[in-house]
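Descriptive analysis of the structure
Spelled out, the chains give:
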2 protein chains.
Amino acid sequence: MNGPGDWLSFFPELAGLSGDHRTRLRERAHRVEVPAGAIVFSPGAPCGAYLLVLEGSVRVQMIADTGRQIVLYRVRRGESCVLTTAALLGEEAYAAEGVVETPTSAVTVPRPVFDELVAVSDVFRRFVFTGYGRRVAEILATMQAAVFHRVEPRLARLLCATPAPVTATHQEIAAELGTAREVVSRHLKAFERRGLVRLGRGVVEIVDRPGLDRLAELPA
Amino acid sequence: MNGPGDWLSFFPELAGLSGDHRTRLRERAHRVEVPAGAIVFSPGAPCGAYLLVLEGSVRVQMIADTGRQIVLYRVRRGESCVLTTAALLGEEAYAAEGVVETPTSAVTVPRPVFDELVAVSDVFRRFVFTGYGRRVAEILATMQAAVFHRVEPRLARLLCATPAPVTATHQEIAAELGTAREVVSRHLKAFERRGLVRLGRGVVEIVDRPGLDRLAELPA
DNA sequence: CCACCGTCGGTGACCAAGTCACACGGCGTC
DNA sequence: GACGCCGTGTGACTTGGTCACCGACGGTGG
């Protein structure tokens, strides 16, 4: 079948896949539904299959021994979580963990099938490689910001990038930026005093978006 | 020819390559010699070929707009520089630059040949993927340390890991750790006052290695 | 309805790191 | 021998991270 219910249609980059390879994927891949809060993989227990997300969102983050975290990226509809697969291929363990944020439906491709398709299908191989390259670029940019850039503009950028009233605790925002909760609290309070935002429990309401934008543009 | 001068022997992981594929690689790859100080690739101008290093060392580093740097990894004898290739595949540009540290001889595999071999050779593909996985793991570990860990133990670790009297300017050490020169100078001076090292112009002589080791083991 | 409790946010004190400015001294060159 | 560069040392200040602790909100269960 190739109808509207076909999950392959979620991945436009796989549109060029030959009939044989489509069939192979459909036969050997498993659909899974994962509830919010589930941990898909963690440093101790890496996942043994290639993961393709159809719907929902998986947050991938690093956790330091001090308890501080940083969110590396999210895997969403139509995206793949190559990173862990690569960890398997490279036979190294990443200190990263994958947490399901919203109820997620996904497809897992067993390792042998993955290997086979990478070998025989140009389209599939290209899909994997490009996904991989994009991810790594994303991670590098995120961590570069965390290492070299000041918190204030990054926080402003985050607020601007999030739609409507931001519903997140200061702790969650801190994890997003790779900093400490207190630091976020202080900056937000300063923003509030400057009339840029209004603060509530678990909510940041944006009052002066242009003002925030200006802060976000600032250098370091 | 398959004699001792054959560069393929530098890559034990490619030993299993079939005769056909060996020949293909030998015919289509180009040997290049690059002098120290040369910049192999930079954010603006990514390299258009797969790079295999036979001898020498290429330093890959990120540079922030503030001028601060961080060394991500080094490509040495028998290693490949997949990262930039991946950048090409992912059609994203990394903000990383590759600087030749010691005169380097390398082999470049043109993009089409690279694509072809990844497609037809299991051995070659595995070589590329494992190299890639290892690199990414390495980079993540490095940046995680820079984001979450204190400078003192990291500096101690670096000194311990470097053979004999360390010949590097404070600036170079700072780039290695992703911090500022002044920070390195201060910590080194403190080390000297505690009798752990002796400082000279461009040299750090290690006096009390066990003492440094102890510092290196410390938590954060 | 109210007492209890867990989570979230605010804050002060302190330490570590990054930035800025500048001074000093060795070493090579002209 | 004077000049100038480069590597280093340092003080003053800002920003960020940690620790300790408080108070306020919101839900739960008597």
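Residues numbered from 1 in each chain as written. Chains lettered and ligands numbered in written order. Predicted model: local features only at pLDDT ≥ 70, side-chain atom pairs only at ≥ 80, totals over all residues. Heavy atoms only, no water.

1. Quick notes on the pattern of salt bridges
Side chains that carry opposite charge are capable of pairing whenever their charged atoms lie near each other. Residues and elements named next belong to chain A. Summed over the entire model, instances satisfying the criterion amount to 32 salt bridges over all chains. A salt bridge links D122 to R125, with the nearest nitrogen and oxygen atoms 2.8 Å apart. Placement of both D122 and R125 in helix α4 (residues 122–148) is noted, with a separation of 3 residues, approximately one turn of the helix. Here R125 falls in the buried class, since its relative accessible area comes to 8%. (Salt bridge = Lys/Arg side-chain N within 4 Å of Asp/Glu carboxyl O. Helix = DSSP H or I, 4+ residues; strand = E, 2+ residues; numbered from the N terminus. Buried < 20%, exposed > 50% of the residue type's maximum accessible area, 1.4 Å probe, protein only.)

2. Brief notes about the interface of chain A and chain B
Every contact between the two is made by 39 residues of chain A and, on the other side, 39 residues of chain B. With both chains or domains summed, chain A and chain B bury close to 3500 Å², and 72% of this area falls on carbon and sulfur atoms. Area buried by chain A at its contact with chain B is led by F129(A), L140(A) and F148(A), which between them contribute 20% of it. At the surface where chain A touches chain B, the tally comes to 2 salt bridges. At the level of secondary structure, the elements contributing two or more residues to the side of chain A that touches chain B comprise β3 (49–63), β4 (69–76), α2 (82–89), α3 (111–120) and α4 of chain A. Tallying contributions element by element places α4(A) first for the side of chain A that touches chain B, with 18 residues. Of the residues that constitute the side of chain A that touches chain B, the class distribution is 23 nonpolar, 7 polar and 9 charged. (Contact = heavy atoms within 4.5 Å. Buried area = accessible area lost by both parts, 1.4 Å probe. Nonpolar A, V, L, I, M, F, W, Y, C, P; charged D, E, K, R; others polar.)

3. With respect to the protein's contact with DNA strand C
Not every one of the 18 residues close to DNA strand C is listed here, only the nearest: R181(A), R201(A), V151(B), T179(B) and R186(B). Protein-proximal atoms of DNA strand C, defined as those within 4 Å of the protein, fall in sugar or phosphate at a share of 52%. Taking H170(A), its main chain carries an N or O atom lying 2.8 Å from a phosphate oxygen of DNA strand C. Here R68(B) contributes a side-chain N or O atom positioned 3.4 Å from a sugar or linking oxygen of DNA strand C. Of all the secondary structure elements, the ones that give two or more residues to the surface near DNA strand C are α7 (181–193) of chain A together with α7 (181–193) of chain B. (Near = heavy atom within 4 Å. Polar contact = N/O pair within 3.5 Å; in protein donor to acceptor, adjacent residues only side chain to side chain.)

4. Examining the protein's contact with DNA strand D
Taken together, 19 residues form the shell around DNA strand D, and within it V151(A), T179(A), H170(B), R181(B) and G202(B) come nearest. Within 4 Å of the protein, the contacting atoms of DNA strand D are drawn from sugar and phosphate to the extent of 49%. Note that a phosphate oxygen of DNA strand D is positioned 2.7 Å from one of the backbone N or O atoms of V151(A). At 3.3 Å from a base oxygen of DNA strand D is found a side-chain nitrogen or oxygen belonging to R201(A). For the surface near DNA strand D, the secondary structure elements donating two or more residues are α7 of chain A together with α7 and β7 (197–200) of chain B. Classifying every residue of the surface near DNA strand D gives 3 nonpolar, 6 polar and 10 charged.

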